[in-house]
Amino acid sequence: MYQYPKHIIPHYLNKHIQPEHIPHHACFVRLLNIVKKTPSNENEIHDYCDQYVKANEFIEGMSVYLLDTYRPRHSRFKINKEAEWLNGSWENGYCKCPKENEYRCEDDICYVLIPTKLIKHASFDVEKFIKESFSNDKDLFDKDIIIESLKKITLRYEHAPTLCNFWHFNIFMYDVNGVKIDSNYLVPKKIERVARSIKKAENFKNIFSVPGRLHKCRISKKYYMKANTKYYRQTNKQSMGQQKQLTPTVSRR
């Protein structure tokens with residue numbers, strides 16, 4: 001079995017990446033789980049883009065990976081169900097590399113690219129679809145205000161590193177007032193309706209790009225690495241020591 005790529009695991013000196021520090025020409029990788037084919041031209045994106053993301057994924061954010069140290073080939077490594085905790089959120093500190101029994105390596109992966117500049121400029125006029133979807137809701141408080149706020153949707157990305165991949169991001173929807181559309185905004189089923197509305201928008205397909213020759217795009221390390229001071233080196237030693245204490249020992253007879 002191939003060894004899990006250690007260089008995409010969060011380092012103890014890593015810190016969260018702020019959106020404004022990602023280069024304008026950077027790209028995200030969006031893995032395709034429903035469509036088992038990487039598009040080879042714009043027509044294929046047009047024909048299948050509605051299936052590139054499920055509506056319910058927008059509740060927690062559409063999952064993507066930033067191309068940097070991470071490359072599309074790293075998507076071949078999948079965490080096994082028994083070790084699902086490795087897909088949990090990373091905040092800070094030391095992370096262990098997944099063991100051989102905690103992941104598998106798949107032969108083929110399918111994906112599209114999402115340029116960061118297209119996310120920044122994406123704007124979906126969905127007033128017609130929103131009115132059709134919410135006009136009959138009797139349990140929606142301030143319905144007219146909400147419908148007005150949802151007539152135009154934009155997208156933003158947030159760094160959401162996991163214990164096994166530092167380069168994971170989520171893409172969320174925002175209303176005309178710049179408010180994130182999450183579980184604090186609407187109940188999940190209604191968020192799905194908003195997501196289905198932007199998927200109906202004619203320009204939804206424009207955020208996806210056909211994978212071509214990938215240029216290197218590296219973020220300056222000062223934007224995601226803490227200073228390598230004596231304090232942080234000592235913190236790492238303590239963290240690794242705690243990990244060793246938590247590791248169960250096997251008695252040999």
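Provided above is the structure to which this section pertains.
Residues numbered from 1 in each chain as written. Predicted model: local features only at pLDDT ≥ 70, side-chain atom pairs only at ≥ 80, totals over all residues. Heavy atoms only, no water.

Our next topic: the overall build of the protein. When you go through the protein residue by residue, the secondary structure sums to six helices and eight strands. Seen in sequence order, the protein has helices and strands lined up from the N terminus as β-α-β-β-β-β-α-β-α-α-β-β-α-α. Considering the protein as a whole, with its 253 residues, one finds that 45% of them fall into the buried category. Counted over contacts in the protein with a minimum sequence separation of 6, partners at least 24 positions apart contribute 80%. Carbon and sulfur atoms make up 48% of the accessible area of the protein, which amounts to about 14,900 Å² in all. (Helix = DSSP H or I, 4+ residues; strand = E, 2+ residues; numbered from the N terminus. Buried < 20%, exposed > 50% of the residue type's maximum accessible area, 1.4 Å probe, protein only. Contact = heavy atoms within 4.5 Å. Areas by Shrake-Rupley, 256 points an atom, 1.4 Å probe, with all protein chains shown as cover.)

To continue, consider the pairing of strand β5 (residues 111-115). The two faces of the sheet receive side chains in turn, since in a regular strand these alternate between them. By the criterion of burial, β5 is predominantly enclosed, with five of the five residues buried. Both faces of β5 are covered, namely the face carrying Y111, L113 and P115 and the face carrying V112 and I114. Sheet topology places strand β1 (residues 27-31) next to β5; five bridges connect them, and they run antiparallel. Looking at β5, one finds that F28 is bridged to I114. (Pairing = 2+ DSSP bridges.)

Right, let's get into helix α3 (residues 127-134). Those residues of α3 lying buried are F129, I130 and F134. Within α3, the buried residues cover an arc of 110 degrees as seen down the axis, which keeps them to one side. The outward face of α3, more than 90 degrees from its buried face, is lined by the exposed residues K128 and E132. Where α3 is buried, its residues contact α4 (143-149) and α5 (188-200). (Arc of directions from axis to C-beta.)

Attention now moves to the state of the cysteines. With the rule as written, the count across this model stands at zero disulfides. The thiol of C217 is not disulfide-bonded; the next cysteine sulfur, from C27, is found 7.7 Å away. We classify C217 as buried; its relative accessible area is 5%. (Disulfide = S-S within 2.5 Å.)

What follows covers the layout of surface pockets. For the largest pocket, the calculated volume is near 660 Å³. At the level of elements, β1, β2 (62-66) and β3 (77-79) are the ones that each hand at least two residues to the lining of the largest pocket. A per-element tally of the lining of the largest pocket places β3 first, with three residues. Computed from the structure, the second largest pocket encloses a volume of approximately 240 Å³. As for the second largest pocket, its lining consists of 14 residues, and the residues nearest its centre are H7, T69, K221, Y224 and M225. When its residues are assigned to classes, the lining of the second largest pocket shows six nonpolar, four polar and four charged. (1 Å grid on protein atoms, 1.4 Å probe; cavity = no way out; pocket = protein on both sides within 12 Å on 5 of 7 lines; lining within 4 Å. Points joined across faces, edges and corners; volume = space filled by probe spheres on them. Nonpolar A, V, L, I, M, F, W, Y, C, P; charged D, E, K, R; others polar.)

Per the counting criterion, the structure on display carries 14 salt bridges. For E127, the salt bridge identified is with K131, shortest N-O distance 3.3 Å. Of this pair, E127 and K131 are both found in helix α3, four residues apart, which corresponds to roughly one turn of the helix. (Salt bridge = Lys/Arg side-chain N within 4 Å of Asp/Glu carboxyl O.)

Turning next to the nonpolar core. With 71 residues, the main nonpolar core has L150, L155 and M173 as its most contacted residues. Filtering out sequence-adjacent residues up to four positions away, L150 remains in contact with V126, I130, F134, D175, I181, Y185, L186 and V194. (Core = buried A, V, L, I, M, F, W, Y, C linked by side-chain atoms within 4.5 Å.)

Turning our eyes to something else, we now look at the packing of α3 against α5. Following both chains from N to C, one finds α3 and α5 inclined at 145 degrees, their axes separated by 9 Å at the closest point. When the axes of α3 and α5 are compared, the crossing they make is right-handed. Residues F129, I130, S133 and F134 of α3 form the contact with α5, whose participating residues are K190, R193, V194, S197 and K200. Here the contact of α3 with α5 is composed, by residue class, of four nonpolar, two polar and three charged. (Axes fitted to C-alpha atoms, helices over the stretch in contact; angles between N-to-C directions. Left-handed = near helix turned anticlockwise from the far one by under 90°.)

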